[in-house]
Structures are given as C-alpha cells and as structure tokens.
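An overview of the molecular structure
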Amino acid sequence: MTKPSPTSGSFTINRHFNHAPQKVFAAFTTLEIKSKWFIGPKGGEDLERVMNVNTDGVEVLRFKHPSGMVTHFVARYHRV
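Notes on the structure follow.

Parameters at a glance
- Residues numbered from 1 in each chain as written.
- Predicted model: local features only at pLDDT ≥ 70, side-chain atom pairs only at ≥ 80, totals over all residues.
- Heavy atoms only, no water.
- 1 Å grid on protein atoms, 1.4 Å probe; cavity = no way out; pocket = protein on both sides within 12 Å on 5 of 7 lines; lining within 4 Å.
- Points joined across faces, edges and corners; volume = space filled by probe spheres on them.
- Helix = DSSP H or I, 4+ residues; strand = E, 2+ residues; numbered from the N terminus.
- Nonpolar A, V, L, I, M, F, W, Y, C, P; charged D, E, K, R; others polar.
- Buried < 20%, exposed > 50% of the residue type's maximum accessible area, 1.4 Å probe, protein only.
- Contact = heavy atoms within 4.5 Å.
- Phe/Tyr/Trp six-rings, centres within 6.5 Å; stacked < 30°, edge-to-face > 60°.

**Focus: the layout of surface pockets**
Approximately 1,400 Å³ is the volume found for the largest pocket. For the lining of the largest pocket, the secondary structure elements donating two or more residues are helix H1 (21-29), helix H2 (31-37), strand E2 (57-64) and strand E3 (70-77). When residues in the lining of the largest pocket are grouped by element, the largest group, 5 residues, is from E3. Here the lining of the largest pocket is built from residues that sort into 15 nonpolar, 8 polar and 5 charged.

**Looking at the side chain of His-65**
Its place among the elements puts His-65 in the loop between E2 and E3. A relative accessible area of 16% places His-65 in the buried class. If we ignore the near neighbours within four places in the chain, the residues touching His-65 are Pro-41, Gly-44 and Thr-71.

**Quick word on the packing of aromatic side chains**
A complete count under the given rule lists 4 aromatic pairs for this structure. Between the aromatic rings of Phe-28 and Trp-37, the centroid separation amounts to 5.2 Å while the plane-to-plane angle is 75°, which identifies the pairing as edge-to-face. Under the relative-accessibility criterion, Phe-28 is labelled partly exposed at 35%. Plain terms: the ring middles of Trp-37 and Phe-38 are 5.9 Å apart, the flat faces sit at 75° to each other, and that makes the pair edge-to-face. Judged by relative accessible area, Trp-37 falls into the partly exposed class, the value being 42%.

Functional significance is not addressed by these values, which are geometric in nature.
Below, the structure written as structure tokens:
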C-alpha cells in the first residue's frame, strides 16, 4: 500500500455576485470584513491571522477548533 503524501496545487473559482465589485473585493481582501465570514466554528480561537492581498502576498489562518483540532489555511496571491 502506498502512503499518502502532502501535495499542493491551485484552483480558480468563478462566481457572480449581486453587489458592486468594490464591495465584493473588500469582502475578500479586508481583514476586518473577511474575519466576519471566513472563520471556524464558535468556541474556537484564532491562533494566527495574516492577510497581505498584494501580488506575492500571503494569507494565513491557523484556527483551534473547540475539539482541540488545529487547521491551517495558507494562500499565496500570484496576481491581484
């Protein structure tokens, strides 16, 4: 049996929103706004939160769930 190994990749999601482009852009690129909807379940805690939405910038969210499990989200912005 082959052991699974970590991999990385990329993907693109195309969505259409019924709001002004500026409002949608702010929802994805402003830490204060994105923190309202991109977060783990209630009772958990942010361990690390970084948002640099510039070309070659990085977004990081390490979150400790109420169960004790820690998730780690990392995104690199290649083009903005």
